[in-house]
Amino acid sequence: MNFYKTAQLLLLLLLGMSCSLVAQRVSVTGKVLDQNSGEPLAGTTILVRGTSEATLTDANGAFKIDVAEDAVLVASFIGFETHEVALAGRSSLTISLKENVNMLSELIVTGALGIRRSSKELGASAQVVGGDNLNQGKVINPLTGLSGKVSGLRINMYDSKVDPEIQISLRGMRSLSRSNGIDGRNPNAPIYVVDGVPIPSISRLNPNDIESITVLKGANAAALYGSEGVNGALMITTKSGQKGKGRVTISNTTTFSQVYLLPQAQTRFGQGINGVYSPAEYVSWGPEFDGTMKDFGGVLPDGSQPQMLFAAPTTDNRLGMFQTGLNQQNDVSFSGGDENGTYFLSSQYVKIKGIIPGDESDRINLRFNGTRRFGKLNTSYTVNYAHFSKSMTPDGPWITSYQLPANIDFSQFKDWRNPLSIGNPLNYFTAISGVRNPFFLAENFRQNAQQQVLNGKIELDYSFTPWLKAIYRVGLYSLSEETRNTTGKFAATGTRNVNGAVTDGTNSYRRLNSDFIVTATKDFGKFNTRLLLGQNLRTDDKKSTSIGSSNLLYPDLFNPDSRTGELSGSVALTQYRAAAAYGEFTAGYDNFLYLTFTGRNDWVSVLSPENRSYFYPGVSASFIASEALDFLNKSNTISFAKLYASWNKTGNVTLTPYQLNNAYSQANGFPFGNIIGFYPSLTNPNPSIKPEFVTSFETGFQLGLLNNRLNIDGAYVFSESNGQIFNANVSRATGYNTAYINAGTMTNDVVELGISGDVIHRSKLKWNLGFNFTYINNQVKELYDGATSRQNFRQSYAIIGRQYPTLIVTDYERDPQGRVVIDAATGNPLVAAAADTVGTLVPPYQMGISSSFKWKGLSLGLQFDWRMGGWMYSETIPRMYTAGTHPATVAYDRQPFIYPNSVIKTEDGTYEPNTSVYSAGDRAYWQRQGAVQSNTMAPSNFFKLRELNLSYNLPKALLGGQRFVREASIGFVATNLFIIRHKDNDQGDPEYLYNNTDGYSSFRQVPPYRTYGFNLNVSF
């Protein structure tokens, strides 16, 4: 008995020792490198096979982990092949990873709701733009960094002020409406989603905080966002820290801005009328320049007579109105983390000195991103604060400049406060109020604003089981703005007098957005499934106030109380509420076939109760042919092949709050005298309005060839928007002038093609070329009540059967051969009774070309942009005709001439060549030609070098011997270095638009500029 007990005791002791030996752990350190270049791979996942134990490599590719001494480590990094390493008693490792030939199949994208998923399962087009590519041009607004880099995406700037607005569209326009919503977003703009939370604008984000932007194109890819995602989505992922030693990065970018592409002007004739010089005239209808000194303006208060050289200089005098702009960005960031959490903290200061003297803005950005894991609970939180201020002139200076004679020396107008200066409004050479001293306009008329933006989120991700988890995410976007617009009082007689004015305003907007999402994933043999169910709540609150006076008593005292007359003012309170329930089910088979169903129901407050609930479904499929077909799987040529298709129907509501309420308002003298009365709107609100519905179909492919040295993708998209919500004219017998209706149909046919490849791919030398092409046929198919056209703005129309929007202009009467018909009595060209339908104001053809060249530490990035097939119309050109500054006005030396290739219409209706009837060629004649709109349009085709970035990373050998500086680089950066335009375009850069229009440039706009400068980055 004692023997057995002793034996059992010994056996248990041996087993314990054995278990102790098996469980013995060691500390392993190592480094992960790119096998091709030898560079460290930061962020590589090091997993202990068969367990959930894992760690990440730090910024130097290094890692440390405690494991069993016989463990097998699995190293994985996106874009590289997974590699397993058995320790075999080692405690130090160097792991080299090979680039993955199936990189496309491994690509992870940020999909709808901010959920990261494999690109293989997406049944719609999505494109990822990395942070480095986005910031190649060292942009201040993230949107401008996307120009030319994504097929189907069109971005236009409004002007060159210190806070330019941006127009953006994806795959054309789907709505006739142009009214911005409560959040200020254009109804044809995509939704912006930052770290999973929708926000109305990303213009105040620091581009250097952005890790990547995933562009989900069209409603198919963004189906779970409902109406907000009908135009696609920009999914912005901001940076996060990594495990390991903390990292500090400091950078500075300084660039200079210079005006270019001013409208061409004649340099032969100077100020005066009918060929006679006049020192008090601003128009250029005087004699030809002769190089003499002539009196300019009137006698000054000290009795002297100003004079000016009557000759055009070799350089454009109008450039004297502008200055060299200065743009400075200073950034610092801190990042790091451990096994359970990460942090990223950044700060940016941006200072802009505009191209117009006195215009400036500055922006301060602060961001904190963090993550923390508590067992099964993963938390993430972000907060971003931006303080923005600006002071700028509205429209005045440039309105004057392009109308003045070519010999005007702008520098003499700068000292306008001096009572003896010719720039002083009392001494200015002309009393015409529309052409005041541009420097007086720039300094005396000001728009000032202080804006604070706070946005962030809290996200809780809890895993109940390995297959079931829940996410709750709440996000806030808050904007607070104070504005002050001032006009300095300048007392004078007649048109030289300027009344002082001030308007103070406040704008506050707050959006609260929350999502609760439950996700279940389950595998059944070769089948894998994922079910997502969620709900969304959104609340928007907005308040705007304004108070002001237009008759101030004293110069430079901008106090509304210091006035004569009554105050003006207004207050507006606006609220919007929305709720939604949505779901998505994805089923995959053997990693090569995926099918996804989506559905969403929205409830919105802007519609009547009976119409505010609406449902819309979607379905998509993807087929990974390179995985499913054996001959492709074994191909040495085809590395990856994917086919996909999707169908989606999405509701879209473009109404603003209370638009379906018949609000009453007051008017002075109604009904009569001082009796207070209210009258209704003249627009029938029509409570029966329903959502617009956009039905979309998309199919496409992705190919990776030659071990992904060459990648090709293409897509065809068709969408139809029915039940457009817009304002239509109605019979006044109804008591209204217009009414909101559901009518009209628009379609979009879109073709996209992308090609990118490594022309050279060696360890120290790489050259990649990329190309993306887009064709968009955006047409109006139906309007309302038999109408064939509808005016959008000025010469912009929606016309059935034509591309949207269409340019319509007045033109000359012509014979069947296209020759201009001349009035035999006056010599003036006849204007046709019917307007001419020209073409689309939006270029249907777009192309972006990118080039990335890297050799050792030197890199060169280029981004080209090409757009073709559209038209532009300028309001500047007619004014230049009137002022006599347009080059066409000197084409015939301002003498009578026979209009080229013109005809005379005979009594019998036939046409004969004009050989004897002369056109006058004087001011009245050319002013009439300026009013013919075909003279003020031009094709908007252009090809430009949008971005250039040349940088050099200091070699590690140069940084050796110290542990303080990890990396350092210096570079040259430039934008808009050159542009090629259509030969008929002497108006400017077609990319610049006036406000929320298409193809339209205004005399109020500030001309475009190009930038160049340097960049310095240091990491510690």
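Residues numbered from 1 in each chain as written. Predicted model: local features only at pLDDT ≥ 70, side-chain atom pairs only at ≥ 80, totals over all residues. Heavy atoms only, no water.

Remarks on the environment of Met 746
What counts here: In this text, helices come from DSSP runs of H or I with a minimum length of four residues, and strands from runs of E with a minimum of two, each type numbered from the N-terminal end. Here, residues are in contact when the closest pair of their heavy atoms is within 4.5 Å.
Its place among the elements puts Met 746 in strand β41 (residues 745–761). In this structure the C-alpha to C-alpha distance between Met 746 and Ser 175, which are 571 residues apart in sequence, comes to 7.5 Å. Apart from residues no more than four positions distant in its own chain, Met 746 is found in contact with Met 173, Arg 174, Ser 175, Leu 176, Ser 719, Glu 720, Ser 721, Gln 724, Asn 778, Gln 779, Val 780 and Tyr 804.

A short note on the domain arrangement of the protein
For clarity, the cut-off: Domain extents, as shown, originate in an automatic or database domain assignment.
Looking at the protein, the domain boundaries give domain 1 (24–97), domain 2 (104–239), domain 3 (474–520 + 533–565) and domain 4 (807–838 + 873–931). One C-alpha centre belongs to domain 2, the other to domain 4; they are set 46 Å apart.

What to know about the UniProt feature "domain: TonB-dependent receptor plug" (unreviewed entry) in the protein
What counts here: UniProt positions are given in the numbering used here, feature names are shortened, and annotations may be inferred rather than shown by experiment.
Sequence positions flagged by UniProt for "domain: TonB-dependent receptor plug" (unreviewed entry) are, in local numbering, residues 120–233. For the annotated span residues 120–233, helix accounts for 7% and strand for 26% of the residues, and the straight-line distance between the end C-alpha atoms is 19 Å.

Digging into the packing of aromatic side chains
What counts here: Two aromatic rings, drawn from Phe, Tyr or Trp (for Trp, its six-membered ring), form a pair once their centres lie within 6.5 Å of each other, and the interplanar angle then sorts them: stacked below 30 degrees, edge-to-face above 60, tilted otherwise. Each residue is assigned to one of three classes by its accessible area relative to the maximum for its type, calculated with a 1.4 Å probe on protein chains only: buried under 20%, partly exposed between the two thresholds, exposed over 50%.
Scanning all chains against the criterion turns up 38 aromatic pairs. Each ring, one from Phe 897 and one from Tyr 925, has its centre 5.7 Å from the other, and the planes form 85°; the classification is edge-to-face. Within this pair, whereas Phe 897 is found in the loop between α9 (876–883) and β51 (902–905), its partner Tyr 925 is found in helix α10 (residues 923–930), the two being separated by 28 residues in sequence. For Phe 897, a relative accessible area of 6% translates into the label buried. When the ring of Phe 897 is compared with that of Trp 926, the centres are 6.1 Å apart and the planes differ by 10°; the resulting orientation is stacked. Remark: Trp 926 occurs in helix α10 and Phe 897 occurs in the loop between α9 and β51; sequence separation between them is 29 residues.

Here we look at the packing of α9 against α10
Counted only if it meets this: Axes here mean lines fitted to C-alpha atoms, for a helix over just the part in contact, with angles spanning 0 to 180 degrees between N-to-C directions. When describing relative orientation, an angle under 35 degrees is termed roughly parallel and one over 145 degrees roughly antiparallel, while 65 to 115 degrees is termed roughly perpendicular and anything else oblique. Three classes are used, and their members are as follows: Ala, Val, Leu, Ile, Met, Phe, Trp, Tyr, Cys and Pro are nonpolar, Asp, Glu, Lys and Arg are charged, and the others, Gly among them, are polar.
Contact geometry for α9 and α10: axes closest at 8 Å, N-to-C directions at 175°. The angle between the axes of α9 and α10 places the two elements in the roughly antiparallel class. Each of Pro 878, Tyr 881 and Thr 882 in α9 lies in contact with α10, whose residues at this interface are Arg 923, Trp 926, Gln 927, Gln 929 and Gly 930. By residue class, the composition of the contact of α9 with α10 is three nonpolar, four polar and one charged.

Thoughts on the sheet that holds strand β3 (residues 54–56)
The following threshold applies: The rule for pairing is simple: two strands pair if DSSP sees at least two bridges between them.
One open sheet holds the four strands; their spatial order is β3-β2-β5-β6, and the pairing between them is antiparallel. The two strands at the open ends of the sheet, each matched to only one other strand, are β3 and β6 (83–86). Averaged over neighbouring strand pairs, the angle between their axes works out to 20° when direction is ignored. Pairing of strand β5 (residues 72–76) with β6 involves four bridges; the strand directions are antiparallel. The residue of β6 that forms the bridge with Leu 73 is Val 85.

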